[in-house]
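One-letter residues, chain by chain:
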Amino acid sequence: MAANCRGVVITEGDLQCFGEHLEAFAEGQLRRVTEYFHPDMIYVIENDIAPVVQELRSRRVITPEQAQIYEKIEKRQDSTAAAEKLVADLTSNKALAIGLWKSLYALRRDWSHPNLEVMVGEITRKDQALLKEILLNETGHNLAPEMKACQDEHRRILCEQTKLLKETGPRTRPEGQSFPILNRYVDIKIVSDVYFRRQTFQEHEALAVAGELYEHRLRHKMQVELERITLDRLFCWCYRSGHTPHFVMVSGVAGIGKSTLAQKFVFDWATGKHYQKFTFVFFFKFRDLNAMGGKTSLESLIRQEYPNLRSKLDAILQEPQKLLFIFDGLDESNSNLDFGRNAEFCAQPGDAKPVGVIVASLLKEKLLKGCSVLLTSRPSNLARLERGVLHRVASIVGFLSQEREKYFHNFFGEAAVAKEALAHVRESQVLYTLCYNPSYCWITCTALQPCFTSEAGQPHPLPKTVTQLFVSYIRHVMVNHTKELPERERAREMMIQLGWLAEYGLQHHTLLFDQALLEAFHVDSSPLVKTFLVENIQSATSPPVVTYSFVHLTVQEFFAALVHYLDFKEDNFGDIMAAVQNDQGGEYEIFLRFLSGLSHFATRAPLESILGKFSPVTTRQVLDWIMKTDCSDFLHMEGHLDGEKKTLNFFNLLFEAHNKQLVRQALGSDVSMDFSEQYLMPVDCVILAYAMSCCDKIDFLNLDTCFIQNEGLQRLSLELHRVRELRLRNNDLSNPSAIELVSILKHQDCRLESLSLANNALTGQCCKDLSLALLENRTLLNLDLSKNKLRDQGLSGLLQLLSSPQSRIQKLVIQENALSDMSFRALCSALANNTSLRYLDVSGNPFTDECVEDVHTLVLTSPALTEISLNLTDITPTMEEHLRKLEGCREGFKIYI
């Protein structure tokens, strides 16, 4: 479970008191409470089921035979299936349910998981009040017949508005663009605000710029310290603050699913699934509210959006504690929310004020005190909000592996096709990482459709880079989702017009374009254009205002890059590259990747076949710009977020360009790279491996504390033989990594001279394989295996190497590996005839005075050894003094104690 989450002090009195809380519930009541917490309970148990099963056994809630059943389910299926089986078995009667609850409560002494704290906190603080709250959320308030009829009509309207999940973009299936939300919705994981509490909003915004890296970090933190919140618990009690939140922000990067989540929330309320404690829910989009222009009032907003409520609105607003306002897309708002001392607020629903003032007044409880508000926004807007205003800030973490798999199956329909497409995406890793974002998932599936579906005819080349993916997507949309593709020159002209519109939007931070802007860039309403632009009808105005946006921000960024290859203009290109040079917020990062990717002839070929040749001038200028980038500084910015971001972004440019000569010129001949303390995902390892594959040799590569784990090493392993000095300290590598390490050492062109594997989780099981590989290796001179778990078994695996005349190891460091005196004796025996080892460090092992004679023998008999370190052992001071005298036995010999 959350191994690095600190436990809490649990006394027997605490446990007894908690048991009394549970006993106070009738059997049916306890079942209801357990059902209420079911998703949280599954989530807590599935993260690490072993300690839960062990605790249940020790408390005799389950038998050893039952424990084996759950362990088998976990091995044969997964931890989720085992957790669901366990919970189902132990909630069948009150006694077993109490046993399960008490076991979970007791486990808090070892790990304190946020979701577990939520469950325990609500039960202990609310008792019977919790049942009333559950019932209120299920059935709602009692209403007078007229008000109930008004509410039912409001539900019906909201249900009609939200039951179809609007999927932007071209038609990808015969049934069209809209799908029943219940069929197409894939669970979007939300996590709570621990991450934000530990950093300022400005730091959070800076991390968010890193895109996939930030999201991957967040997903990892989910497993150890973040509370996962399901959609129906956004407004439930928060154990950190100790109260029920009224003002909640759901944050996430573009396309992660914020609007979809808000739509699903409204649909679930309208269909009676959750939060019936809110008598009325009002749903607004900031992009629609922008059209309100000057001043309006909350009453006017509601009446325009929900005219059916006009006659009852005064009565509805009299009970604000029963109301929920949802405002989607704060990042798209034209007005800032000002909470300062001199800020303007309104006190009455009829007060005419700008929209930003109305929303701020709700959040500051100046207007309709007691109501609840749900906001959605990109992370960049969090920095602008007063910190104390929001009671809960949650982030959408996107699709984990199970959600991605479900999405692919929903999209392709045929299980075999979905499986094959997903296998390719997983193999590429670069594309798989993109699919954490639902919008990218949709774009990926659309791009891969002609590659895998039976109707596709001749197979299409499979994309491997992000640029190749978007090229495939754009081409597929143009060819298959336009009634009649215009002839080449006209199609190129239309793409150019869209491109200059996109580039204007990128430079002016514009996502929404009105009709005047479309006309200024000569963008018409042809079927081809409509496949890439979405029409947004802002119904809150009379007459309705229509604006346009690209189907996704990344599609806009792609068109902004594409236009420079279709219609090169020296001045325009100079302006955009100047903006890139001055970019401090990362707004041009994706644009640059596309600009770099389109420079490769094979990547752009599918589009050139329907749009004509791309500009060679653009290609030359882009490649020149990359080659002029001095990467030497940020390649050695150890532990700095700015250096990390620049390094990874630069390597992404090289990967997208897919030009080996360019990589060699950019990195130079004497390649030395320090990524230490930079968090490298598997996708980063793929991109680093590509850069390494373009280099003949690499002098130094430092990957200390990069948390690459076994998967990251697997992605890198094919290229690590090129490195002379390789550092892999503190990466949580375990025995499975031995396969990759052996393949590196056995490579016919291996250049490794120095290898550090210190502070990992390697055990004695892998040492024999490493030893055999090193017998074949003719280059490695220095090996550091400090702070692993080798023990005596592991050392015995290395003895074959150390006793062999073929051994070339000159420096061996095996500090802190729990080696015994017996191991040291065997080590001395193996080194008796070793002619290569000059430096031996065995510090930090529990050696005693019994090994002193062996040290003496080793110094006298080992022909090559000139230095030995025995610091931090259990050798007594008297014997240490005796060992120091050994320095005089041989000229130049050093012993460190």
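Before any of the text, the structure's been laid out above.
Sequence order as written defines the numbering, with residues in each chain counted from 1. Note on the predicted model: pLDDT of at least 70 is required for a residue's local features to be given, and 80 or more for side-chain atom pairs to be given and counted; whole-chain, interface and lining totals, by contrast, use all residues. Hydrogens and waters are ignored; side-chain quantities use all the structure's heavy atoms.

Caption draft 1: Structural view of the overall build of the protein. Numbered from the N terminus, helices here are DSSP runs of H or I no shorter than four residues, and strands are runs of E no shorter than two. Scanning the protein for helices and strands turns up 42 helices and 20 strands. We call a residue buried when its accessible area falls under 20% of the maximum for its residue type, exposed when it is over 50%, and partly exposed in between, using a 1.4 Å probe and counting protein chains only. The 897 residues of the protein split such that 58% are buried. Summarising the internal contacts of the protein: among those between residues at least 6 apart in sequence, 79% fall at separations of at least 24. For the protein, the accessible surface area stands at approximately 37200 Å², while carbon and sulfur atoms represent 48% of it. Here a residue-residue contact requires only that any non-hydrogen atoms of the pair lie within 4.5 Å. Every accessible area reported is derived by Shrake-Rupley at a probe size of 1.4 Å, with residue values counting cover from the shown protein chains alone.

Caption draft 2: Structural context of the packing of helix α4 (residues 49-58) against helix α5 (residues 64-76). Throughout, an axis means a line fitted to C-alpha atoms (over the contacting stretch in the case of helices), and angles, computed between N-to-C directions, take values from 0 to 180 degrees. It is at 10 Å that the axes of α4 and α5 come closest, and there the two elements cross at 170°. Between α4 and α5, the crossing angle belongs to the class labelled roughly antiparallel. Where α4 abuts α5, its residues I49, V53 and R57 lie against P64, A67, Y70, E71 and E74. Residues are grouped as follows: Ala, Val, Leu, Ile, Met, Phe, Trp, Tyr, Cys and Pro are nonpolar; Asp, Glu, Lys and Arg are charged; all remaining types, including Gly, are polar. Residues belonging to the contact of α4 with α5 are distributed by class as follows: five nonpolar, no polar and three charged. By definition in this entry, angles of less than 35 degrees are roughly parallel, angles greater than 145 are roughly antiparallel, angles of 65 to 115 are roughly perpendicular, and the rest are oblique.

Caption draft 3: Focus on the pattern of salt bridges. Here, a salt bridge means any side-chain nitrogen of Lys or Arg that lies within 4 Å of a carboxyl oxygen of Asp or Glu. Within this structure, the stated rule accounts for 35 salt bridges. For E27, the salt bridge is made with R31, and the minimal N-O distance between the two is 3.4 Å. A residue pair is termed a helical-turn pair when its members lie 3 or 4 positions apart in one helix, as E27 and R31 do in helix α2 (residues 27-36) at four residues. Judged by relative accessible area, which is 37%, E27 ranks as partly exposed. Between E493 and R490 there is a salt bridge, with its nearest N and O atoms 3.4 Å apart. Of this pair, E493 and R490 both sit in helix α25 (residues 488-507), three residues apart, which is roughly one turn of the helix. The class of E493 is partly exposed, set by a relative accessible area of 39%.

Caption draft 4: Just the nonpolar core, in detail. What we call a nonpolar core is a set of buried Ala, Val, Leu, Ile, Met, Phe, Trp, Tyr and Cys residues that are connected through their side-chain atoms within 4.5 Å. Counting residues in each nonpolar core, the largest one holds 171 residues, and the members touching the most others are F408, F559, L728, F824, L827 and L840. Leave out the neighbours within four places in its chain, and F559 touches I474, M495, L498, G499, A502, F532 and F550. Counting residues in each nonpolar core, the second largest holds 113 residues, with Y36, I42, L116 and I256 among its members.

Caption draft 5: Layout of the sheet that holds strand β18 (residues 839-841). Any two strands between which DSSP finds at least two bridges are classified as paired. Pairing is parallel in the open sheet, where nine strands are placed in the order β12-β13-β14-β15-β16-β17-β18-β19-β20. At either margin of the open sheet sits one strand with a lone partner, and together these are β12 (671-674) and β20 (894-896). Going from strand to strand, the sheet's axes swing by 5° on average, the running direction of each strand aside. Bridging between strand β19 (residues 867-869) and β20 involves three bridges; their strand directions are parallel. Counted as the bridge partner of S869 is Y896 from β20.

Caption draft 6: A look at the environment of H600. In this structure, H600 sits in the loop between α30 (589-597) and α31 (601-611). Overall, H600 belongs to the buried group, its relative accessible area being 16%. Placed 133 residues apart in sequence, H600 and T467 show a C-alpha to C-alpha distance of 9.9 Å. When neighbours within four sequence positions are excluded, H600 is seen to be in contact with A657 and H658.

Caption draft 7: Representation of the pairing of strand β5 (residues 247-251). Most of β5 is tucked away: five of the five residues are buried. Because side chains alternate across β5, one face comprises the buried residues F247, M249 and S251, and the other comprises V248 and V250, equally buried. Bridge count between β5 and strand β8 (residues 372-377): five bridges; the pairing is parallel. Note on β8: the bridge partner recorded for V248 is L374. The pairing of β5 with strand β9 (residues 392-398) spans four bridges and is classified as parallel. Among the inter-strand pairings, V248 is bridged to a residue of β9, identified as R392.

Caption draft 8: Structural context of the packing of aromatic side chains. The criterion for an aromatic pair is that two Phe, Tyr or Trp rings (for Trp, the six-membered ring) have centres within 6.5 Å, with stacked assigned to planes under 30 degrees apart, edge-to-face to planes over 60 apart and tilted to the rest. Evaluated as defined, the whole model comprises 34 aromatic pairs. With a centroid separation of 5.5 Å and 90° between ring planes, the pair formed by F655 and Y690 is classed as edge-to-face. Of this pair, F655 sits in helix α33 (residues 641-657) while Y690 sits in helix α35 (residues 682-693), and the two are 35 residues apart along the sequence. As far as the burial class goes, F655 and Y690 line up, both buried. Each residue in the set W442, F470, Y473, F513, F532, F550, F558, F559 and F594 is aromatic and connected to the rest through ring pairs, giving one cluster.

Function cannot be inferred from these measures alone, as they are strictly geometric.
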